[in-house]
Amino acid sequence: MSKQTYSVCFCCRRRFKLALAEAPPEIKTLFYSYSENDLMSPSLLQRFLVHVQKQEKATIEDAQAIIDSLKHFHRKGLNLESFFKYLFSDTNLPILPSLGVHHDMTLPLSHYFIYTGHNSYLTGNQLSSDCSDVPIINALKRGVRVIELDIWPNASKDNVDVLHGKTLTTPVELIRCLRAIKEHAFDASEYPVVITLEDHLTPDLQAKVAEMVAQTFGDILFSPSTESPKEFPSPESLKKKIIISTKPPKEYLEGKEIKEKGDDSQHGKASGDEEAWGKEFPSMKHGTIDFKDNKIDEEDLNDEEDSDESDKLHHNEAPEYRSLIAIHAGKPKGGITEWLKVDPDKVRRLSISEQQLEKASITLGKEIVRFTQRNILRVYPKSTRITSSNYNPLIGWMHGAQMVAFNMQGYGRPLWLMHGMFKANGGCGYIKKPDYLVKTGPNDEVFDPKAKLPVKTTLKVTVYMGEGWYYDFKHTHFDQYSPPDFYTRVGIAGVADDNVMKKTKTIEDNWLPTWNEVFEFPLSVPELALLRIEVHEYDISEKDDFGGQTVLPVWELRSGIRAVPLYSYKGEKYNSVKLLMRFEFY
């Protein structure tokens, strides 16, 4: 269909007639299989919902409600056009919005993956961007539940600022950040917000922070009954609460201003696929990134929680400041093996960098899993990610790490995975970890992230067609003189054996591409599998253009034919762009 033909479609009805002309044969065949005299009655639609859409509890009333929502087409049932409109509608999404929070929320915090931010106050790069409460507000509105604040003395040493220390970032007052958190903490979720304070303060300023925090949050501040609990409280018991977690100071970057190659450009058409949307993830064979040397260099495992600093600071801390700490952070003296030792009498939080996790997972994978069964592990980006890029979050999740901390302004493929992961469980910011990560076997054994696992299920994905670019993009965005040439990439991000990406053929010169291609994905750990979907526009002379993306948690994916909304590289939902896809499990 030519661009000129499509451009005359100004109304929704005309739009769907044109889309219908491109409808895949399977869609038409299904319609005629569940209709009589070219009309799908409520009873026949109900049968379609049960048999094809796998909505076993669908009733005649449910079917009638769908028909009523499209009654300007036909009051007694769906014709082919209105059936097609229903399939593309927001009532037919791959994840059911009405499902809401459905995980057991009464378990200790250590049993959940938690939506976690890193340097939550930065507006851009790690060296010279502004510090502000705006990115904090944006993160909270998206559902982020862990906000990190680096707190430093201000220029006159009489108050407290938030900034990325030893850099050129411009500060923002701590009180402004605290007030923003109080105002927006529960905009997206009523489950608790954890504030991790990266503390670089003197005891007198710690006392000032304690006063600020207490006065700002008042009754919603969680006050622990004991300094060293044997178990963390549950998200359910902490609803509408603010939790403080602190760790000893860290001198960020310490003279290191090593710039890495930018892997997260903020332009839709950058100098290539990797730069525009983030690099594809490196190999995770045997459960981690491949290293040339499998030995862990203890000197390389420097961290923001130096044990000697910890002892000194805790000795000098203002008592009112110390009493605020509900989740204690820190490391025992010694190396990584000591850090991961489990104390049966108390729980704590440990922070390690992405590199430390990658190296430790080579030989200590099971120890990490055992640690995270009771304690909280936070993983943060390496210091050379100056551009605020991110890493593969699956490395942390597959080892049970609860707080996989991300730069929420670091757009690209890793952040798309983070967005997709936390669409689960009603978007509340807490996802119950799979049982195998929190349970022990009869001989006290734990899950081995390196273990070769059998296939549990296979996800069959049919990519039918896409629509909406004509309305959400300038008509010359992809090509100056012709309609775009779209292709779709679809695959799985998960444990090592489940990671794969596949690609459809390219449909040339069409704003309504129809692919009709089927892909199968055997899954060994579907509980951690994320379905990745990207659309790109092929350009023979330049780098391919970006046409949308989404990531969906496989374990909440609804079977059947679904309308899949796509998002921009910044994670903003397009108004009209959707794919029509089918999901089947066997």
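The residue numbering used here restarts from 1 in each chain and proceeds along that chain's sequence as written. Residues qualify for local features only when their pLDDT is at least 70, as the model is predicted, and side-chain atom pairs are given and counted only at 80 or more; totals for whole chains, interfaces and linings, by contrast, use all residues. As a convention, hydrogens and water are excluded, and side-chain values are obtained from all of the structure's heavy atoms.

### Thoughts on the pattern of salt bridges
Phase 1: For this document, the term salt bridge refers to a Lys or Arg side-chain nitrogen within 4 Å of an Asp or Glu carboxyl oxygen. All chains considered together, the criterion is met by 18 salt bridges.
Phase 2: Among the salt bridges present, the one from Glu190 reaches Lys239, with a minimum N-O distance of 3.1 Å. Separated by 49 residues along the polypeptide, Glu190 in the loop between helix H8 (174-184) and strand E5 (193-199) and Lys239 in the loop between helix H9 (203-217) and strand E6 (242-247) bring together distant segments of the chain.
Phase 3: Taking relative accessible area as the criterion, Lys239 reaches 27% and is therefore assigned partly exposed.
Phase 4: Salt-bridge contacts for Glu517 lead to Lys505; the nearest nitrogen and oxygen are separated by 3.4 Å. You can see Glu517 sitting in strand E15 (residues 514-523) and its partner Lys505 sitting in the loop between strand E14 (500-503) and E15, a full twelve residues away along the chain.
Phase 5: When accessible area is computed with a 1.4 Å probe and restricted to protein chains, residues below 20% of their type maximum are described as buried, those above 50% as exposed, and intermediate ones as partly exposed. By relative accessible area, Glu517 is classed as buried at 17%.
Phase 6: According to the relative accessible area criterion, Lys505 is partly exposed, its value standing at 42%.
Phase 7: By sharing partners, the salt bridges in this structure join Arg413, Arg489, Arg532 and Glu534 into a single network. Numbering of helices and strands runs from the N terminus; a helix is a DSSP stretch of H or I covering at least four residues, while a strand is a stretch of E covering at least two.

### What about the nonpolar core?
Phase 1: If you look at the biggest cluster of nonpolar residues, it comprises 115 residues, and the most contacted ones within it are Leu149, Ile151, Ile181, Ile242, Trp397, Trp469 and Leu531.
Phase 2: Considering each element in turn, this core owes the most residues, seven residues, to H9.
Phase 3: A contact between two residues is defined here by any heavy atoms of the two lying within 4.5 Å. Not counting chain neighbours up to four residues away, the residues in contact with Ile242 comprise Ile181, Ala185, Phe186, Val193, Ile195, Phe217, Ile220, Leu221 and Phe222. Side-chain atoms within 4.5 Å link the members of a nonpolar core, which is a set of buried Ala, Val, Leu, Ile, Met, Phe, Trp, Tyr and Cys residues.

### A closer look at helix H5 (residues 60-69)
Phase 1: Listing the buried residues of H5 in full gives Ala63, Ile66 and Ile67. The arc that holds every buried residue of H5, seen down its axis, measures 100°, which confines them to one face.
Phase 2: Its buried side turned inward, H5 meets helix H4 (42-51) and helix H6 (80-87). This arc describes the spread of directions from the helix axis toward the C-beta atoms.

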